[in-house]
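# Structural overview for review
Chain by chain, the residues:
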Amino acid sequence: ARVTKWWIFFGGNGMLALDWVTFASNLNKYGRQRGRFDTGYLLLDYPGYGGSPGKISPKSVLESSLSAVEELMKRTANGTKIQINLLGHSLGSAAALQLAVALHERGVVNVSRLVLSAPFTSIPDIANEIFGVPRNVAKGLLPHLWDNEHQMSRLVNHANFMEKQQQQQKKQGGEGVASSSSSSSSSSSSLPPSLILTIIHGVKDALVPVDMGRKLAAQANEGQNQYRVKIVEIQGADHNDVIDQSKWQVRSAFMEAMFGGDEK
């Protein structure tokens, strides 16, 4: 079968692309058991990781991720519409979220599914939780903030702006896509129409408290998004337990997040 649905994986701090091989292989096996033969997986190393040149930063990760998506679409589309889905664990949740924002804002492609595993609100918040460093102090000391709350706000508000512009164009009888350079002044918000967001978090996460995942889910749930945002809390699971597929609850959560509701 032709691959038309692609998943791009982003690992946690210290993880390499090859660390996802078993995870992806298991998902592929489970997916095929459910009749999914159209799914492919792209495993990325961050700049400075594995054999990739450069240094890791939000900017360098975003640039390399955008290049990877554009190359993937160029090589695989061949006139066929393909679906882009993103999964990120821990630090990778920030990489996946910022890429989803950029792809929507730049009009490259609408991400269909976004799965955030053990996501944090920001690195200053983590510094405050673990070391007691005041957030304002941490913001001044840390080279990179990886601010997921800010990115989620951009994702939600940009989608609302685009929907308003499209409605206005219909009323005026116009066609085309509105520019993404403007900002929304509406107090309501909504995720991009195509996006299904799932947050998976361990209740016993000692590194990134589950309340951070809950906060991001609540933020995404503003407006009319409740039917497309889901948080799955894995009871008794610590930070990296949530990607341990030997646990039935973990395997079930990812299968539902990645394949649930798809037509065969």
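Everything numeric in this text was worked out from a predicted model, so none of it was measured.

## Points about the overall build of the protein chain
If you tally the helices and strands in the protein chain, you get eight helices and six strands. When the helices and strands of the protein chain are listed from N to C terminus, the series reads β-α-β-α-β-α-β-α-α-α-β-α-β-α. Considering the protein chain as a whole, with its 264 residues, one finds that 49% of them fall into the buried category. Nonlocal contacts in the protein chain, meaning residues at least 24 apart in sequence, comprise 76% of its contacts between residues at least 6 apart. Element-wise, carbon and sulfur atoms account for 49% of the exposed surface of the protein chain, whose accessible area totals about 12,900 Å².

## As for the pattern of salt bridges
With the rule as written, the count across this model stands at 10 salt bridges. Lys5 serves as the salt-bridge partner of Asp38, at 3.2 Å between the closest nitrogen and oxygen. Of this pair, Asp38 sits in the loop between helix H1 (21-33) and strand E2 (39-43) while Lys5 sits in strand E1 (residues 5-10), and the two are 33 residues apart along the sequence. Here Asp38 matches Lys5 in class, with each residue buried.

## Quick notes on unusual backbone geometry
With the exception of glycine, the majority of residues adopt a negative phi angle, and the majority of peptide bonds are in the trans configuration. Look at Ser90: it is not a glycine, yet its phi comes out positive at around 60°. When you line up the elements, Ser90 lands in the loop between strand E3 (83-89) and helix H3 (91-105).

## Observations concerning the packing of helix H2 (residues 58-76) against H3
Put simply, H2 and H3 touch, their axes get as near as 10 Å, and they point 60° apart. Viewed along their axes, H2 and H3 adopt a mutual orientation that is oblique. Relative to H3, the crossing made by H2 is right-handed. Taken together, the residues of H3 that come into contact with H2 (itself represented by Pro58, Val61, Leu62, Ser65, Leu66 and Val69) are Ala95, Gln98, Leu99, Ala102 and Leu103. Tallied by class, the residues present in the contact of H2 with H3 amount to nine nonpolar, two polar and no charged.

## Overview of the packing of aromatic side chains
Applying the stated criterion across every chain yields a total of six aromatic pairs. Between the aromatic rings of Tyr46 and Tyr49, the centroid separation amounts to 5.4 Å while the plane-to-plane angle is 85°, which identifies the pairing as edge-to-face. Residue classification places Tyr46 among the buried positions, given a relative accessible area of 3%. By way of ring pairs, the aromatic residues Phe9, Trp20, Phe23, Tyr41 and Phe254 are connected into one cluster.

## Looking at H3
Given 3.6 residues per helical turn, the α-helix brings residues three or four places apart onto the same face. With 15 residues, H3 ought to run about 21 Å at 1.5 Å a step, and its terminal C-alpha atoms sit 22 Å apart, in line with that. Where H3 terminates, the next one or two residues include Gly107, which has phi positive at roughly 70°.

## Points about the packing of H1 against helix H8 (residues 248-259)
Here H1 crosses H8 at 70°, and the two axes come no closer than 11 Å. Looking at the two axes, H1 sits roughly perpendicular to H8. Where H1 crosses over H8, the two elements pack in a sense that is right-handed. For the pair H1 and H8, the contacting residues are Phe23, Leu27, Tyr30 and Gly31 in the first and Arg251, Phe254, Met255, Met258 and Phe259 in the second. For the contact of H1 with H8, the residue count by class is seven nonpolar, one polar and one charged.

## Things to note about the sheet that holds E3
Across the sheet, six strands lie side by side as E2-E1-E3-E4-E5-E6; this open sheet has parallel pairing. At either end of the open sheet lies a strand with only one pairing partner, and these are E2 and strand E6 (229-234). Along the sheet, successive strands turn relative to each other by an average axial angle of 15°, direction set aside.

## Notes on the nonpolar core
The biggest cluster of nonpolar side chains holds 45 residues, and the ones touching the most others in it are Phe10, Leu86, Leu114, Met152 and Leu197. Residue assignment for this core shows that the elements contributing at least two residues are E1, H2, E3, H3, strand E4 (113-117), helix H6 (148-172), strand E5 (196-202) and helix H7 (210-220). The element contributing the most residues to this core is H3, with 10 residues. Those residues in contact with Leu197, other than ones at most four positions away along the chain, are Leu114, Leu116, Met152, Leu191, Ala220, Arg228, Val229 and Lys230. Formed by 25 residues, the second largest nonpolar core is a distinct cluster that contains Tyr30, Tyr41, Phe254 and Met255.

## Looking at the environment of Tyr41
The residue Tyr41 is located in strand E2 in this model. Distance in space between the C-alpha atoms of Tyr41 and Lys5 is 8.6 Å, their sequence separation being 36 residues. Ignoring sequence-local partners within four residues, the contact set of Tyr41 consists of Trp6, Trp7, Phe9, Ala24, Leu27, Asn28, Met258 and Phe259.

## Digging into the side chain of Thr121
For Thr121, the position within the fold is in the loop between E4 and helix H4 (123-131). Residue classification places Thr121 among the buried residues on the basis of a relative accessible area of 2%. Excluding anything up to four places from it in sequence, Thr121 contacts Trp146, Asp147, Asn148, Glu149, Met212, Lys215 and Leu216.

What counts and how
Numbering of residues begins from 1 in every chain and follows the order in which that chain's sequence is written. In keeping with the predicted nature of the model, local features appear solely for residues at pLDDT of at least 70, side-chain atom pairs appear and are counted solely at 80 or more, and the whole-chain, interface and lining totals rest on all residues. Computation of side-chain values: all heavy atoms of the structure, hydrogens and water removed. Labels follow the DSSP assignment, with helices taken as runs of H or I lasting at least four residues and strands as runs of E lasting at least two, numbered in each case from the N terminus. Partly exposed describes any residue whose relative accessible area lies between the buried limit of under 20% and the exposed limit of over 50%, with all areas from a 1.4 Å probe on protein chains only and scaled to the type maximum. Any two residues whose heavy atoms approach within 4.5 Å are treated as being in contact. Here, Shrake-Rupley sampling with a 1.4 Å probe gives the accessible areas, and only protein chains in the shown set may cover a residue. The rule for a salt bridge is simple: a side-chain nitrogen of Lys or Arg has to be within 4 Å of a carboxyl oxygen of Asp or Glu. Each axis is a line fitted through C-alpha atoms, and for a helix only the stretch in contact is used; angles between axes span 0 to 180 degrees, taken between their N-to-C directions. Here roughly perpendicular refers to angles of 65 to 115 degrees, roughly parallel to angles under 35, roughly antiparallel to angles over 145, and oblique to all remaining angles. Working rule for handedness: look at the near helix, and if it is turned counterclockwise from the far one by less than a right angle, call the crossing left-handed; if clockwise, right-handed. Following the grouping adopted for this structure description, the nonpolar residues are Ala, Val, Leu, Ile, Met, Phe, Trp, Tyr, Cys and Pro, the charged ones are Asp, Glu, Lys and Arg, and the polar ones are all others, Gly among them. Stacked, tilted and edge-to-face are the three classes applied to pairs of Phe, Tyr and Trp rings, where Trp contributes its six-membered ring and a pair requires centres within 6.5 Å; stacked means planes under 30 degrees apart, edge-to-face means over 60, and tilted covers the rest. To estimate how far a helix should reach, multiply one less than its number of residues by 1.5 Å. What makes two strands pair is DSSP finding at least two bridges between them. Nonpolar core, defined: a set of buried Ala, Val, Leu, Ile, Met, Phe, Trp, Tyr and Cys residues in which side-chain atoms within 4.5 Å join the residues together.

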